[in-house]
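# Chain and residue survey
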Amino acid sequence: MGSSFPKKIISGTCVDLSFEGKGVFKGEGQAIFVDGMFIGEEGEVEIAYKRNGALFGNIKKLRKISPDRIQPRCKICHACGGCCFQQLAYPAQLAFKSSKVAEQFRRLAKMKVEVAPCIGMDDPYYYRNKIQMPFGKDDRGNVYCGFYKASTHVIVPVEECFIEDKRSRPILDACKKLFKSMRIEPYNEDARTGIIRHVLIKTSYYKPEIMVVLVTAVDSFPGRNNLVKALLKECPEITTVIQNINPRSTSVILGEKERVLYGKGFIEDSLCGVLFQISAKSFYQTNPVMTEKLYSYAMQAAHLRGQEVVFDAYSGIGTIGLIAAKDAKQVISVEIVKQAVQDGIRNAKRNRINNFLMYCDDASSFMVKMAEKGETVDVLFMDPPRKGSDERFLKAALKLRPKRIVYVSCDPSTLARDVAYLAKAYKVESVQPFDMFPQTFHVETVVALSLK
Ligand code: SAH
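The present account deals with the structure reproduced in this document. (Residues numbered from 1 in each chain as written. Predicted model: local features only at pLDDT ≥ 70, side-chain atom pairs only at ≥ 80, totals over all residues. Heavy atoms only, no water.)

What surrounds the ligand is a group of 16 residues, the closest being Tyr295, Glu335, Asp362, Ala363 and Asp383. A distance of 3.1 Å separates an oxygen atom of the ligand from a polar side-chain atom of threonine 319. Here alanine 363 contributes a backbone N or O atom positioned 2.8 Å from a nitrogen atom of the ligand. Isolated, the ligand exposes 570 Å² of accessible area, and the fraction of that covered by the protein chains is 89%. (Near = heavy atom within 4 Å. Polar contact = N/O pair within 3.5 Å; in protein donor to acceptor, adjacent residues only side chain to side chain. Areas by Shrake-Rupley, 256 points an atom, 1.4 Å probe, with all protein chains shown as cover.)

Enumeration over the complete set of coordinates arrives at 10 aromatic pairs. Where tyrosine 205 meets tyrosine 206, the ring centres are 5.0 Å apart and the plane angle is 90°; that geometry is what we call edge-to-face. For tyrosine 206, a relative accessible area of 43% puts it in the partly exposed group. Ring geometry for phenylalanine 311 and phenylalanine 366: centres 5.7 Å apart, planes at 10°, overall stacked. One end of the pair, phenylalanine 311, is in strand E15 (residues 309-313); the other, phenylalanine 366, is in helix H8 (residues 363-373), with 55 residues separating them in the sequence. With relative accessibility at 0%, the residue phenylalanine 311 sits in the buried group. What makes phenylalanine 366 buried here is its relative accessible area of 10%. Clustering of aromatic rings is evident, with ring pairs tying together Phe33, Tyr49 and Phe56. Stacked on the ring of phenylalanine 56, the Lys or Arg arginine 51 has its end atom at 5.7 Å from the ring centre. Its guanidinium or amino end placed over the ring of tyrosine 125, arginine 73 lies 3.5 Å from that ring's centre, counting from NZ or CZ. (Phe/Tyr/Trp six-rings, centres within 6.5 Å; stacked < 30°, edge-to-face > 60°. Buried < 20%, exposed > 50% of the residue type's maximum accessible area, 1.4 Å probe, protein only. Helix = DSSP H or I, 4+ residues; strand = E, 2+ residues; numbered from the N terminus. Lys NZ or Arg CZ within 6 Å of the ring centre and 35° of its normal.)

Pairing analysis gives three bridges linking strand E3 (residues 30-34) to strand E5 (residues 54-64), with the strands arranged parallel. Note on E5: the bridge partner recorded for phenylalanine 33 is phenylalanine 56. As judged from the nine bridges shared by strand E4 (residues 42-51) and E5, these two strands associate in the antiparallel manner. In the sheet register, lysine 50 faces E5, and the bridge partner there is leucine 55. (Pairing = 2+ DSSP bridges.)

Next up on the list: the environment of serine 98. On the secondary structure map, serine 98 appears in helix H2 (residues 90-108). Note on serine 98: relative accessible area 12%, which makes it buried. Linking serine 98 and isoleucine 119, residues 21 residues apart in sequence, is a C-alpha distance of 9.3 Å. What serine 98 contacts, discounting residues up to four positions off in sequence, is Val115, Ala116, Pro117, Cys118 and Pro433. (Contact = heavy atoms within 4.5 Å.)

Turning our attention to the sheet that holds strand E19 (residues 404-409). Strand order in the open sheet formed by seven strands is E17-E16-E15-E18-E19-E21-E20, with mixed pairing between adjacent strands. Whereas interior strands pair on both sides, the edge strands pair on one side only; in this sheet they are strand E17 (356-360) and strand E20 (426-434). Strand-to-strand twist across the sheet, computed as the mean angle between neighbouring axes with direction ignored, equals 15°. When strand E16 (residues 330-335) meets E17, the two strands line up parallel, connected through five bridges. (Axes fitted to C-alpha atoms, helices over the stretch in contact; angles between N-to-C directions.)

In structure tokens form, the structure reads like this:
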């Protein structure tokens, strides 16, 4: 939390939305970031706190209301910090996303690119196939779960969530009930006591498979086997239960050590006709409906004819590479997380895909080695995490000179920065945002580049 601030009420207008989806409110010579305030709205805002030199406030009164303002389904959408846009009509959310991508290209890449309208969902709710929630206990001994309030250890209890897969909630409710009745204590971050830190649930979209991961602070605890039995009895739809042990005092949710308590230890799902095995620790896109749309677009952007050597960097469990394999001569994938690489190799076997190689390495180091060896790559797919790629990777890409690069990004600012670098030798053919995370400010973008 930022420093406290003498309460002050300012009158003014919301003139913009920040990249984090907050209203940019201007009045009386001040600029204040306000959750749930939209462009064109006028009224009064109370300054709440200052963080990193910026002021944040809350709406006190609205005199003029945006035509895009709607009733949110979730009553705590702002308190929980997950859905800044539940009060913004869906077409306006999509327009925000395209305009922010264009703005980042202008600001950070000094490039004027044409950004296509953001492709959205028909029903932008209940899409998340993965949820992870910390657990806590109130004074009356009731167990709750929720989300951390932004930059704190405080859990905002969430009883109902409109973006998670509907199958998750009954499992969380059963966990709350059983932890209480079986006296399995939620972990207390400050006192460092208790057992259950998080419960993570992954649901398969195409198969009736659900994984539950109990993230615990300790390795063994009394009642563990009974807990699993009782949980399966309450929720027979669960197909695998895993215990992940995270004894460290850290904000990283999963620890190193893991133990399968029930079932196979993974779930399976399919994307664009390819089956994928998903482990607790492997990255898997969280919106299955939109992921298929995005990957289909990425495949088209790659112009594969069956003869190409394809390189898939930051490949997770091999999703993009394995989908590309049927239209390519050879696919080489690289990913840094060992468990994801194991999943990827298994996934290739499971789908009888033989023209696929996967390596566990840092993408940049691997790219540099490939460039030094003078290897040929026709198409490069890259899908880095939020922080984007780095100069070593991009420099090596320019040396390898693939005919086409398809860049999939979850952060328009690092995307714009990296594309500006590649633009020395590549032409931007298209920029297509996808709404993988409706109700939030996040946007996923595919950029197709071709060698000049
Ligand atoms: N393309 C995949 C995964 C994208 S997420 C999909 O669509 O499902 C980004 C992936 O990059 C994660 O799996 C993460 O583990 C991996 N990663 C992060 N840093 C990396 C690095 N330096 N080198 C290689 N992979 C990395």
